[in-house]
Amino acid sequence: METPQRFLTKISQRLFSEYGNNLSDLIIVFPSRRASVFFTEELTKFISKPIWLPKFYSIEDLIFEISELYPPNTLELFFTFYKIYKNNIKTPHSIDKCYKWAPTLLEDFNDIDKACVNPVKLFNHLSDIKRIESWNLDLNKEMGYAQDYLLFFSQLDVLYKKLTAELLSKKTAYSGLAQRKLAENPDLFQKWLNNNNHKKIIFIGLDALSTCQEKIIDYLLKQNLCSIYWDTDQYF
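Residues numbered from 1 in each chain as written. Predicted model: local features only at pLDDT ≥ 70, side-chain atom pairs only at ≥ 80, totals over all residues. Heavy atoms only, no water.

**As for the side chain of threonine 9**
Right, so step 1: Relative to the helices and strands, threonine 9 is located in helix H1 (residues 4-19).
Right, so step 2: A residue is classified by how much of its surface remains accessible, and threonine 9, at 17% relative accessible area, is buried. (Helix = DSSP H or I, 4+ residues; strand = E, 2+ residues; numbered from the N terminus. Buried < 20%, exposed > 50% of the residue type's maximum accessible area, 1.4 Å probe, protein only.)

Have a look at this one:
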């Protein structure tokens, strides 16, 4: 495996030799924003006259850009969730108590969407598991607690559906939800490229992709809308 700088030098040289003054036709996507700074430094070594550079994105930024959704901050997401939770759960926790566990649940929602899992089936399965687990509770002592516990898990699909609907109505989404929407509507990439006069997306050095991201890139490859460059050992 080459050093990161050597890898970026080779890729920048290859892209410049292939696209030359038409680099602005490209969208270049890195795992993080920081990598684009080093890539630009390497790319400019091959440029002898003023030209338009390609646009650079992290994969996260590109997904939000094309989906035309915006990520809410942590508090905005929590308050949106709490409002829905309070209106749909029979005996909701206070806002401070809810704040202690809600971030974990919201991250679970995020992971579910990134994995493109069917949420209804998953939550129904989880509810069944919790119902079975409750058989071990001392129901004589904790009947009220057990009922609230089971009711909460039976309502997870409702909370998820109403939360995602509320977020999308405001043109916002957490990362996994934005990924799911693009994975379900990958033709938005072609439309976005055409509208912005870009021809191809170049992915450089991506790793640890989510299931949604894999589906998106698979679609782009089949449509010849992207190329991918990895820095891997020659053995592979």
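Right, picking up where we left off after that structure.
**Describing the nonpolar core**
Right, so step 1: Counting 48 residues, the largest nonpolar core has Leu62, Phe81, Phe109, Ile201 and Phe203 as its most contacted members.
Right, so step 2: Ignoring sequence-local partners within four residues, the contact set of phenylalanine 109 consists of Phe81, Phe123, Leu156, Tyr160, Leu163 and Tyr174.
Right, so step 3: With 15 residues, the next largest nonpolar core counts Leu8, Leu26, Ile28 and Ile202 among its residues. (Core = buried A, V, L, I, M, F, W, Y, C linked by side-chain atoms within 4.5 Å. Contact = heavy atoms within 4.5 Å.)

**What to know about the packing of helix H8 (residues 156-169) against helix H9 (residues 175-184)**
Right, so step 1: At their nearest, the axes of H8 and H9 sit 12 Å apart, and the two run at 80° to each other. On the basis of the axis angle, H8 is roughly perpendicular to H9. Here Tyr160, Thr164, Leu167 and Leu168 of H8 lie close against H9, whose contacting residues are Leu177, Arg180 and Lys181.
Right, so step 2: Looking at the contact of H8 with H9 residue by residue, the class counts come to four nonpolar, one polar and two charged. (Axes fitted to C-alpha atoms, helices over the stretch in contact; angles between N-to-C directions. Parallel < 35°, antiparallel > 145°, perpendicular 65-115°, else oblique. Nonpolar A, V, L, I, M, F, W, Y, C, P; charged D, E, K, R; others polar.)

**Structural notes on helix H11 (residues 211-222)**
Right, so step 1: The first and last C-alpha atoms of H11 sit 17 Å apart over 12 residues, in line with the 16 Å expected at 1.5 Å per residue.
Right, so step 2: Those residues of H11 that fall on the buried side of the exposure criterion are Cys212, Gln213, Ile216, Ile217 and Leu220. End-on, the buried residues of H11 take up no more than an arc of 130°, which puts them together on one face.
Right, so step 3: Taken together, the buried residues of H11 touch helix H3 (59-67), helix H5 (95-114), H9, helix H10 (187-195), strand S3 (200-204) and strand S4 (226-229).
Right, so step 4: Trailing H11 by a residue or two, asparagine 224 shows a phi angle of about 55°, which is positive. (Expected span 1.5 Å × (residues − 1). Arc of directions from axis to C-beta.)

**Some details on the pattern of salt bridges**
Right, so step 1: The final tally for this structure, using the stated rule, is eight salt bridges.
Right, so step 2: The residue lysine 199 makes a salt bridge to aspartate 25 at a minimum N-O spacing of 3.8 Å. With lysine 199 in the loop between H10 and S3 and aspartate 25 in the loop between H1 and strand S1 (26-30), this pair connects stretches of sequence that are 174 residues apart.
Right, so step 3: Here lysine 199 falls in the exposed class, since its relative accessible area comes to 61%.
Right, so step 4: Accessibility expressed as a relative area gives 16% for aspartate 25, which makes it buried.
Right, so step 5: With its nearest N and O atoms 2.5 Å apart, the salt bridge here joins arginine 180 to aspartate 113. (Salt bridge = Lys/Arg side-chain N within 4 Å of Asp/Glu carboxyl O.)

**Some details on the sheet that holds S4**
Two pairing modes exist for strands in a sheet, parallel and antiparallel, and in both the strands are linked by backbone hydrogen bonds.
Right, so step 1: The sheet built from four strands is open, its strands ordered S2-S1-S3-S4 with parallel pairing. Taken across any chain shown, the strands that pair with only one partner, and hence form the sheet edges, are strand S2 (55-58) and S4. In this sheet, neighbouring strand axes are inclined to one another by 25° on average, regardless of whether the strands run parallel or antiparallel.
Right, so step 2: One ladder, built from four bridges, connects S1 with S3; its direction is parallel. If you follow leucine 26 over to S3, its bridge partner there is lysine 200. (Pairing = 2+ DSSP bridges.)

**Some details on the packing of aromatic side chains**
Right, so step 1: Inspection of the entire model under this criterion finds 12 aromatic pairs.
Right, so step 2: When the centroid spacing of 6.1 Å and the interplanar angle of 75° are considered together, the rings of tyrosine 57 and tryptophan 192 count as edge-to-face. Here the residue tyrosine 57 occupies a position in strand S2, and tryptophan 192 occupies one in helix H10, the gap between them amounting to 135 residues.
Right, so step 3: Looking at tyrosine 57, the relative accessible area reads 13%, which means it is buried. (Phe/Tyr/Trp six-rings, centres within 6.5 Å; stacked < 30°, edge-to-face > 60°.)

**A look at the pairing of S3**
Right, so step 1: In terms of residue burial, S3 counts as a mostly covered element, since five of its five residues are buried.
Right, so step 2: Of the two faces of S3, both are covered, the one formed by Lys200, Ile202 and Ile204 as well as the one formed by Ile201 and Phe203.
Right, so step 3: Sheet topology places S3 next to S4; four bridges connect them, and they run parallel. From the neighbouring strand, isoleucine 202 faces S4, where its bridge partner is serine 227.
Right, so step 4: In the classification by handedness, the crossover that spans S3, the intervening H11 and the parallel S4 is right-handed. (Right-handed = clockwise from strand over helix to strand, strands pointing away.)

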